[in-house]
Structures are given as C-alpha cells and as structure tokens.
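# Commentary on secondary and tertiary structure
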Amino acid sequence: MSKFLWKGLLVSPAVLAASLVVSATALAAEQPVEIATAAQADKLQLAGAATEAAKSETAKPETAEPASLASKSTVETIDKESANLYEGFTNDLIAPVAEQAKAPEVAAADLGETKPAVAPANLSPEQPVAEQIPAVAPANLSQTQPAVAPANLSAQEPISQSTEPSAQPQAQSNVLEQINQYSAEDSSSEDTAGQVTSVSQLSDVRPTDWAFQALQSLVERYGCIAGYPDGTFRGNRAMTRYEFAAGLNACLDKVSELIQGGSRNLATREDLASVQRLQEEFAAELATLRGRVDALEARASELEANQFSTTTKLNGEVIFGLAGIARGEDAEGNDADKATAFGSRVRINFDTSFSGEDLLRTRLQVLNLGSFSTNNTKTAEGELRFNAGPFGEASNTVGLDALLYQFPLGKSTTVILEANAGAADDFTNTVNPYFDGDGSYGALSNFGTRNPIYYLTGGSGIALRHQFGDKLELSLGYLAGNAADPTRGNGLFNGSYGGLAQLTFKPSESMALGLTYVNSYNFVTGTGSNASNFPARLGSFGFDSDSTLPVSSNSYGAQASWQLNRRFAIGGWAGYTNQRILSNLATPTGSVQRGDQKIWNWAVTLAFPDLLKEGNVAGIVVGMEPRVTSSTNRTLPEDKDTSLHVEGFYQFKLSDNISITPGLIWLTAPDHNKNNSDLVIGVVRTTFTF
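Residues numbered from 1 in each chain as written. Predicted model: local features only at pLDDT ≥ 70, side-chain atom pairs only at ≥ 80, totals over all residues. Heavy atoms only, no water.

### Overview of the pattern of salt bridges
Pairing between side chains of opposite charge can happen when the charged atoms of each approach one another. With the rule as written, the count across this model stands at 13 salt bridges. Here aspartate 610 and arginine 566 are joined by a salt bridge, their closest N and O atoms 3.5 Å apart. Residue aspartate 610 is located in the loop between strand S16 (595-609) and strand S17 (617-631), and its partner arginine 566 is located in the loop between strand S12 (551-565) and strand S13 (568-581); the two are separated by 44 residues in the primary sequence. Exposure remark for aspartate 610: the relative accessible area of 15% places this residue in the buried category. The partner of aspartate 596 in a salt bridge is arginine 580, with the nearest N and O atoms 2.8 Å apart. Placement of aspartate 596 in strand S16 and of arginine 580 in strand S13 is noted, with a sequence separation of 16 residues between them. A relative accessible area of 43% places arginine 580 in the partly exposed class. Put simply, Arg347, Arg385, Asp425, Asp436, Asp438 and Arg450 are held in one network by salt bridges that share partners. (Salt bridge = Lys/Arg side-chain N within 4 Å of Asp/Glu carboxyl O. Helix = DSSP H or I, 4+ residues; strand = E, 2+ residues; numbered from the N terminus. Buried < 20%, exposed > 50% of the residue type's maximum accessible area, 1.4 Å probe, protein only.)

Structure representation (structure tokens):
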C-alpha cells in the first residue's frame with residue numbers, strides 16, 4: 001500500500017491541483033457537518049496518514065489497496081504518470097501539492113471511533129464523483145468500515161474513470177482478513193491451540209494409542225478438541241486448569257448446539273427404540289432395584305434419626321466359659337476340687353473419635369467366673385485369662401475396666417493416656433500373634449497369652465509409641481497401680497508402678513522381634529509358682545500378716561515370631577526377673593529378711609492358621625511358667641523342681657461373630673514341685689462379638 005500512496009503523491013501537479021480546487025469549491029458549499037467537523041478537529045496531513053498506513057502494510061506490499069474515491073485514474077494510469085513525473089519534479093514542487101491536498105482531505109486517526117465518510121446526497125450531475133467525495137486515509141484498516149457510495153448518483157455521472165464502488169468493500173474485506181491473519185500469527189505462541197476437525201490432523205496421535213477412540217469421537221463427532229499450530233495434540237503434556245475449563249466449555253457448547261439443532265449424531269431412532277426395548281425387558285428388575293433403593297433410603301434415614309452418636313461406636317464381646325479340673329493335686333499336695341464351673345465375661349466398649357485419628361475408649365466389664373488359683377490349685381500356674389484373675393473372686397458387678405485416650409503427635413508418634421486399668425498391650429506389641437487375644441481368642445491361660453513380664457505394669461499413667469520407619473518401633477510407658485489414691489504410700493509416684501520400654505523390630509511382614517525392659521515396684525506377674533509371686537503369697541509360706549512387704553524388680557525379655565507360610569507360624573519368648581525384697585518383715589509366725597530372687601520363664605509357641613477351615617486357628621504352647629531359680633533370702637527358698645506348662649486349643653469359627661474354642665491345659669509338677677501330681681484343666685470358651 002505504501003507504493004500506491006507514494007505514487008499518488010507524485011501525480012501531475014496540474015491534474016492534482018485542478019482536482020483540489022474543484023473539490024475545495026464543492027466542499028465549501030455542500031460539505032456535511034460531520035466531515036467538516038472531523039476535518040477541523042483532526043488537521044492531519046496526507047503525508048502523515050500515508051506514513052501510518054504504510055506501517056500497517058509493510059508485511060504485504062504487493063496487496064492492492066484502493067487509496068480513496070478521489071482518484072480519477074486506474075492503478076495502471078497512476079503507475080505511468082508517477083513514473084514519468086517522479087523524474088521531472090523536485091521536492092520543492094511536491095511540497096506545495098501536499099500542502100494543498102491537506103485542506104480538503106480528512107485522515108482519520110482512529111476509525112474505530114470515526115464514522116466513514118459519506119458523500120452528500122445532493123450532488124449535481126455536472127460534477128464528477130471523484131471530485132465531490134473527499135478521500136479518507138484510514139489509519140487502522142482492521143477497524144475501518146468501507147466507504148458508503150452516494151445514494152442519489154444519476155446515470156449521466158461519469159464513473160468510468162473511477163474505481164467501482166461495489167468492488168471496493170470486497171477488496172477492503174480481503175485486506176482486513178490478511179491483516180488479521182498476520183496479526184494472529186505474530187501474536188501466537190507455540191502453546192496456542194487451534195480447532196481440528198479430524199483426528200488425522202494430529203500428527204502425534206496414532207490408532208494404537210489407548211485413548212484414540214475417545215479422542216476420535218470428541219474430534220469428529222463433537223468437534224471440541226483443539227490442537228497446536230504445529231499439528232500436534234501433546235497428549236502426555238500436563239494441562240492447566242484454564243485449559244481444562246476452555247476445553248470443557250467448548251465441548252458443552254458443542255453438545256448444547258447439537259441438542260438445540262436436533263442433530264442426529266446424538267441418538268438415532270433405532271437407539272431410542274433399543275433403550276425402550278431394554279426398559280421393557282428389564283422392567284421387573286428395575287422395579288425390584290427401585291424398591292431396594294427406596295428401602296435402603298428409608299433404613300438410612302431411620303438410622304440417621306436414631307443413631308447412637310455421630311462420634312462414638314459401640315462394640316462388645318461376651319464370653320461363656322465352661323471349665324473344670326479333670327485330675328491332679330494342688331500346690332499343697334491335696335487333691336484338687338474337680339467341680340465344673342460355668343461363668344462369663346462381658347465387655348462393652350464405647351470407642352469415640354473426634355478427629356478420625358484419635359481414640360477415646362470407655363470399657364464396662366462384668367466378671368462371673370472365679371479363679372482356680374484361689375479355690376482349687378492354690379497356685380497361679382494354669383490360671384485362665386478370661387476369669388476373675390489370679391487369686392481373685394468373681395463379683396458379678398459392672399465396673400469401669402478400661403478408660404484411655406490415644407492421639408497422634410506428629411506423623412510417627414502416638415500418645416496414650418491411661419486413666420484406669422491400663423495394660424502393656426495397650427501401647428506395645430507383645431509379639432505373640434494368634435495367641436494374645438486378651439482372653440477373647442487365642443490362648444486360654446494367662447501364661448499362654450504373653451510373656452509374664454508384661455504383667456509387671458498396669459493401672460493409670462501415660463505411654464507413647466514412636467515409629468522409626470516401617471521396621472523399627474519404640475514403646476515407652478509408665479503405669480501406676482494406685483494412682484487415684486492420694487494417701488501416703490500411694491498415688492502416681494509413691495505407690496506401685498511399672499515402667500516399660502521396648503524396641504520392636506520387624507524385618508518383614510512375617511517376622512517380628514521384641515526386646516523388653518520393665519522396672520516395677522510392688523507388682524507381681526500373677527503367673528508361675530507362689531515363690532515367684534512373693535510377697536503377694538505370704539500366707540502360702542506360713543506368714544500371717546496384713547503388712548505390705550515392698551519389693552522392686554528389673555525384668556528383661558525377648559520375644560520373637562515368624563510365620564513360615566500361610567498355615568504355620570512359630571514363636572516364643574524368654575524372660576528374666578531380678579526381684580529384691582527391700583525391707584525386713586516380722587510377723588507372729590516368723591520374719592522375712594531382705595534378699596534377692598532370680599526368676600526365669602520361657603515358652604515356645606506353634607500356630608496353625610486356617611486349619612481345616614479359613615478363619616480357624618490351632619495353637620500349642622509349651623513352656624515354663626515363672627520359677628525362682630535362686631534366692632538370697634533364707635526364709636524364702638527357691639523352687640527346686642521344674643514344672644512344664646503344656647497348652648493346646650483349637651478355635652473354630654462358626655461365623656463372623658461366633659467362635660468356639662475347646663482347649664486343654666496340662667501342668668506337670670504343679671507349683672514347681674514334683675511331689676504334686678500333674679494337673680489337667682479342660683476349658684470350652686465361646687466368644688460372641690458385636
């Protein structure tokens with residue numbers, strides 16, 4: 001366009017001057033108010049307008065652009081005249097011409113806000129069209145509308161030498177499209193996406209791609225997939241939220257357009273007929289399903305309206321125990337009472353969580369099965385785990401058995417606060433799978449449930465568990481036996497207590513190893529011989545006294561378990577306790593002197609999971625319950641013999657909520673005294689869970 005503008009400026013001075021004089025005369029008389037106002041306001045020179053127009057057209061200098069309706073010659077005439085005159089005229093001659101042309105012509109600085117020039121409606125037949133319409137040089141062709149031709153031109157007006165008005169808008173439209181195209185190409189980046197109409201336009205999409213069918217449907221059926229200017233789709237590239245919103249909106253718009261336009265691509269008459277036929281064929285099933293959904297909604301609404309709590313779950317267990325001594329003598333050498341007993345243990349747990357990661361457990365318990373150690377065997381050996389406990393009496397009253405709250409402290413640490421009846425298994429792994437079910441499942445006896453040194457702590461206190469990765473765990477706990485008693489010699493720190501520390505190493509899912517240390521004061525294990533439970537069993541040694549004899553102990557234990565395959569696991573433990581009597585005690589029947597005792601225990605366990613049926617477990621425990629191997633106390637001799645504890649059980653799972661476990665406990669040389677004949681205890685345990 002710049003070539004044409006410069007050539008227009010170099011037209012013969014005589015012809016251009018004459019045209020300007022005539023045009024100025026006509027405009028002085030009949031110029032519309034809009035054009036006169038624009039001419040006075042803008043005052044732009046033709047050279048300046050030509051320069052601005054030239055800048056926008058440098059990308060395509062060969063594009064034919066009509067300069068204005070004021071030109072009276074064709075493009076070829078202008079080329080010839082400008083070529084001849086360019087050599088004969090100097091800058092001094094061109095300047096006056098440009099100065100004269102400045103007055104009648106209007107150069108629009110921004111036609112986005114300026115209306116196109118309109119020819120006056122009352123043109124006389126004698127005046128040529130080119131002399132009556134002032135030329136307008138647009139500064140921004142992308143926003144300029146084509147000039148409007150005069151409405152009342154007569155047939156006698158000479159227009160053969162002018163550019164046809166009907167061809168001018170088309171030429172300008174082509175120029176605008178080219179300019180917009182060049183502008184879009186200049187402003188685009190490699191990440192700009194463009195619409196595609198066929199999946200074959202995407203060079204990096206192949207028929208073997210897993211999403212090819214979906215992409216083909218979106219492109220060719222809905223037309224809502226865009227590619228990049230280089231013809232790629234880049235399916236593995238991460239997508240921004242803006243890109244997702246734009247793509248989703250394009251698809252929704254296309255689908256909406258297809259629906260409004262009644263497109264046949266969405267669903268054909270045959271498709272609708274197939275759907276209707278399927279509905280008729282499965283009407284009964286649909287009605288049944290609808291009824292079930294309605295029933296479930298009604299039940300869900302009822303549960304929501306009558307739910308117990310939004311934060312608390314109720315679960316519980318009931319144990320029916322049938323047990324009796326088949327044969328044997330007690331610790332005093334007398335025949336054990338062979339009466340058969342039937343009792344129960346009931347536990348109800350209220351498990352509450354406030355954050356989803358914490359746990360507040362409140363347990364109510366009722367015991368209605370007396371202990372054999374009190375009435376029959378006169379020793380803690382072979383005592384059952386689910387009865388009243390060693391040397392205890394069944395009370396058949398509801399009591400608060402456990403109250404604890406545990407919560408996470410960071411990602412790897414859990415804190416446990418024990419308010420009542422806390423135990424070691426609340427915060428540590430006893431490394432005895434298939435056996436440690438706390439009386440509900442697994443082993444039937446106290447000894448078979450876990451290493452006896454774990455019983456040297458209990459009550460109220462605090463504990464924590466910390467994970468060092470997936471394979472190593474540290475457990476720490478401090479529990480006091482009489483923490484709630486504020487009297488002298490009791491309380492959280494002045495009464496009985498047990499402090500436990502354990503490292504649990506799990507090299508694999510099937511293997512575990514635990515190393516345990518327990519420091520305790522005035523605690524006994526409740527297993528083994530009477531001598532190992534001294535001073536709780538003073539009466540069995542002929543000492544008649546209600547006084548408390550303080551003792552402290554340091555215990556060490558090692559536990560291991562290894563599941564060799566799905567149906568067989570082996571495990572066991574060894575425990576050592578160094579117990580010290582801290583003071584002398586004088587009684588009416590004698591005195592007890594200070595001294596030390598060394599107490600050992602060990603066991604080997606064999607477990608057979610899923611024996612005969614999935615969910616069933618068979619177990620065998622063979623070991624030595626706590627035995628005093630040496631003593632420095634002259635009034636408290638050591639256990640001279642060794643008693644073996646042999647226990648076998650088979651836990652049969654009737655359903656998810658009911659299991660029956662028959663078992664047998666065999667004690668050789670009860671109370672580690674070979675003078676006492678072996679004891680055989682039979683047990684049948686039925687456990688209900690809900």
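### Description of the pairing of strand S4 (residues 340-352)
The pairing of strand S3 (residues 312-327) with S4 spans 13 bridges and is antiparallel. Of the residues in S4, the one forming a bridge with glycine 324 is threonine 340. With 8 bridges joining them, S4 and strand S5 (residues 359-367) adopt antiparallel strand pairing. Across the sheet, arginine 347 pairs through a bridge with glutamine 365, a residue of S5. (Pairing = 2+ DSSP bridges.)

### Overview of a nonpolar patch on the surface
Taken together, the side chains of Met511, Trp562, Leu564, Ile570, Trp602, Val604 and Leu644 define a hydrophobic patch exposed on the protein surface, amounting to about 570 Å² of accessible area. Looking at the nonpolar patch, the elements with two or more residues in it are S12 and S16. Examined against the element boundaries, leucine 564 turns out to sit in strand S12. Judged by its relative accessible area of 44%, leucine 564 falls in the partly exposed class. (Patch = residues over 30% accessible without salt bridge, like charges linked within 9 Å, V, L, I, M, F, W, Y side chains within 5 Å. Areas by Shrake-Rupley, 256 points an atom, 1.4 Å probe, with all protein chains shown as cover.)

### Some thoughts on the packing of aromatic side chains
Inspection of the entire model under this criterion finds 12 aromatic pairs. Between phenylalanine 435 and phenylalanine 649, the ring centres sit 5.7 Å apart and the planes meet at 85°, which makes this aromatic pair edge-to-face. In this pair, phenylalanine 435 sits in the loop between strand S7 (413-422) and helix H14 (446-449) while phenylalanine 649 sits in strand S18 (residues 645-653), placing the two residues 214 residues apart along the sequence. Comparing phenylalanine 435 with phenylalanine 649, the two get one shared label, buried. (Phe/Tyr/Trp six-rings, centres within 6.5 Å; stacked < 30°, edge-to-face > 60°.)

### Points about helix H9 (residues 212-222)
For H9, the full list of buried residues reads Phe212, Leu215, Val219 and Tyr222. Looking at the buried positions of H9, the neighbouring elements they touch are helix H10 (241-260). Of the residues one or two after H9, glycine 223 is the one with positive phi, at around 60°. (Contact = heavy atoms within 4.5 Å.)

### Examining the pairing of S12
By the bridge criterion, 11 bridges tie strand S11 (residues 511-521) to S12 in an arrangement that is antiparallel. Among the inter-strand pairings, glycine 514 is bridged to a residue of S12, identified as glutamine 559. One ladder, built from 14 bridges, connects S12 with S13; its direction is antiparallel. Following the sheet pairing, serine 553 is matched in S13 by glutamine 579. Connecting S12 to the antiparallel partner S13 that follows it, the hairpin turn spans 2 residues.

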